[in-house]
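Each chain, written out:
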Protein chains: 2
Amino acid sequence: MTPGPNVFAAIASPRRREILRLVWRDELSAGAIHQAMPDVTFGAVSLQLRQLEAAGLVESRGEKQFRYYRARHKALGPVARMLERMWDDALWRLKLAAELEASRRGPKARKRKRRKSK
Amino acid sequence: MTPGPNVFAAIASPRRREILRLVWRDELSAGAIHQAMPDVTFGAVSLQLRQLEAAGLVESRGEKQFRYYRARHKALGPVARMLERMWDDALWRLKLAAELEASRRGPKARKRKRRKSK
DNA sequence: CTACTATTTTAGTTTAATCTAAATTACAAC
DNA sequence: GTTGTAATTTAGATTAAACTAAAATAGTAG
């Protein structure tokens, strides 16, 4: 029940952390996970999923021809909160970057709601 | 202040976790750390120390010809407790193993305080 | 300065992780 | 049975991490 040392190795890889983030709240099929990371093959994603599952960080369920994965928050212990904060921080940073981008395009346009596209 | 992603990679290696454990409570010189892990060269230890320092997990101080290292608990956030529990668990396991050994050598000798040596 | 000790750094090697492409399994629909 | 889609597994290649041995740096003591 206490997270073992293998957990540390499992979350060391940015790729696996990205997968973990994807299945953090929603249950996703292997294919859906792969679609979210197009720079890598399906096979590579599958291998990482196996590692995550071996470390107990995700669980899976087969339905029809699909297999659905989701994170096991409890297996991460205190690290779960840490990851969440990291991801939230990243979101915050992206927002900030977007605002900066907008202000560079024209200071007056800042904070205005975006329309269609332009 | 919030632990960054590099922290995860830093604690992924058993070698680095062992170093971290050594300098957890006590400040140790690089040489003392190396003596505690004789299966590896001094250079290798030094490289790992650099990584730990780069990740902010240890800090160092030079005095005379020595350099002393110690862990920065706060940089690990909630993971600090997790590591402590892990190490304590290991201690507990060692104790248990010792007791088992003792009981194998002779059940009556169990729980008796050890004298000199044998 | 030299000699000595502690530590770091460099360069090259070994070892382990990650990836790809292709083969394979599994299941559904026909 | 065959065909099609989803996912896994295998084998080999690429990439990155860890280690060693030797050279370099730093600081002490004479």
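That block above? That's the structure.
Reference entry: report on the structure contained in this document. (Residues numbered from 1 in each chain as written. Chains lettered and ligands numbered in written order. Predicted model: local features only at pLDDT ≥ 70, side-chain atom pairs only at ≥ 80, totals over all residues. Heavy atoms only, no water.)

## Quick word on the pairing of strand 3 (residues 66-71) of chain B
Walk down a regular strand and you will see the side chains alternate between the two sheet faces.
All names here are of chain B.
So, step 1. Sheet analysis places strand 1 (residues 28-29) next to strand 3, joined by two bridges and oriented antiparallel. Each bridged residue has a counterpart across the sheet, and for Leu28 the counterpart in strand 3 is Tyr69.
So, step 2. In this sheet, strand 3 lies alongside strand 2 (residues 58-63) in antiparallel orientation, the contact comprising six bridges. By the bridge assignment for strand 3, Arg61 is matched with Tyr68.
So, step 3. Turn length for the strand 2-strand 3 hairpin, with the two strands adjacent in sequence and antiparallel, is two residues, and the turn residue Lys64 shows positive phi of about 55°. (Pairing = 2+ DSSP bridges. Helix = DSSP H or I, 4+ residues; strand = E, 2+ residues; numbered from the N terminus.)

## Side note on the protein's contact with DNA strand C
So, step 1. If you check the shell around DNA strand C, you find 23 residues, and the closest are Thr41(A), Gln48(A), Gly31(B), Arg50(B) and Tyr69(B).
So, step 2. Sugar plus phosphate: this is where 79% of the atoms of DNA strand C within 4 Å of the protein reside.
So, step 3. Within the backbone of Arg67(B), a nitrogen or oxygen atom sits 3.4 Å from a phosphate oxygen of DNA strand C.
So, step 4. Here a phosphate oxygen of DNA strand C and a side-chain polar atom of Tyr69(B) are 2.4 Å apart.
So, step 5. Looking at the surface near DNA strand C, the elements that each hand over two or more residues are helix 2 (14-22) and helix 4 (42-54) of chain A together with helix 3 (30-35), helix 4 (42-54) and strand 3 of chain B.
So, step 6. Ranked by residue count, the leading element in the surface near DNA strand C is helix 4 of chain B, at five residues. (Near = heavy atom within 4 Å. Polar contact = N/O pair within 3.5 Å; in protein donor to acceptor, adjacent residues only side chain to side chain.)

## Some remarks on the packing of aromatic side chains
All names here are of chain B.
So, step 1. Considering all chains together, one arrives at four aromatic pairs over all chains under this definition.
So, step 2. Both rings, one in Trp24 and one in Trp87, keep their centres 5.2 Å apart while their planes meet at 75°; by these two values the pair is edge-to-face. Pair noted here: Trp24 is in the loop between helix 2 (14-22) and strand 1 and Trp87 is in helix 5 (residues 79-105), with a separation of 63 residues, a long-range link.
So, step 3. Taking the relative accessible area as the measure of exposure, Trp87 reaches 13% and is therefore buried. (Phe/Tyr/Trp six-rings, centres within 6.5 Å; stacked < 30°, edge-to-face > 60°. Buried < 20%, exposed > 50% of the residue type's maximum accessible area, 1.4 Å probe, protein only.)

## Overview of unusual backbone geometry
All names here are of chain A.
So, step 1. The phi dihedral of Lys64 is positive, around 55°, even though this residue is not glycine.
So, step 2. Among the structural elements, Lys64 can be located in the loop between strand 2 (58-63) and strand 3 (66-71).
So, step 3. Classification of Lys64 as exposed rests on a relative accessible area of 75%.

## Notes on helix 4 of chain A
Residues and elements named next belong to chain A.
So, step 1. For helix 4, built from 13 residues, the straight-helix expectation of 18 Å at 1.5 Å per residue is met to within 8% by its first-to-last C-alpha distance of 18 Å.
So, step 2. Where the residues of helix 4 are buried, they touch helix 1 (6-12), helix 2, helix 3 (30-35), strand 2 and strand 3.
So, step 3. Gly56 occupies a position one or two residues after helix 4 and carries a positive phi of about 80°. (Expected span 1.5 Å × (residues − 1). Contact = heavy atoms within 4.5 Å.)

## Thoughts on the relation of the copies chain B and chain A
So, step 1. Overlaying chain B with chain A gives an RMSD of 0.1 Å, the required rotation being 179° about an axis along which the chain moves by 0.1 Å. Put plainly, the chains are arranged around a two-fold axis.
So, step 2. A share of 88% of interface residues in chain B that are also interface residues in chain A marks the association as one of identical surfaces. (Least-squares fit on C-alpha atoms with pLDDT ≥ 70 in both.)

## Structural notes on the sheet that holds strand 1 (residues 28-29) of chain A
Residues and elements named next belong to chain A.
So, step 1. If you trace the three strands from one edge of the open sheet to the other, you get 1-3-2, paired in antiparallel fashion. Because the sheet does not close on itself, it has two edges, and the strands there are strand 1 and strand 2.
So, step 2. Together, strand 2 and strand 3 form the strand contacts of helix 4, whose direction differs from that of strand 2 by roughly 120°. (Axes fitted to C-alpha atoms, helices over the stretch in contact; angles between N-to-C directions.)

## Thoughts on the side chain of Arg16(A)
Residue and element names in this part refer to chain A.
So, step 1. Mapped onto the secondary structure, Arg16 falls in helix 2.
So, step 2. Despite being buried, Arg16 has no salt bridge partner; Glu18 is the closest side chain of opposite charge, sitting 13 Å away.
So, step 3. Among all residues touching Arg16, those that are not within four sequence positions of it are Ala9, Ala10, Gln48, Gln51 and Leu52. (Lys, Arg positive; Asp, Glu negative; His and termini not counted. Salt bridge = Lys/Arg side-chain N within 4 Å of Asp/Glu carboxyl O.)

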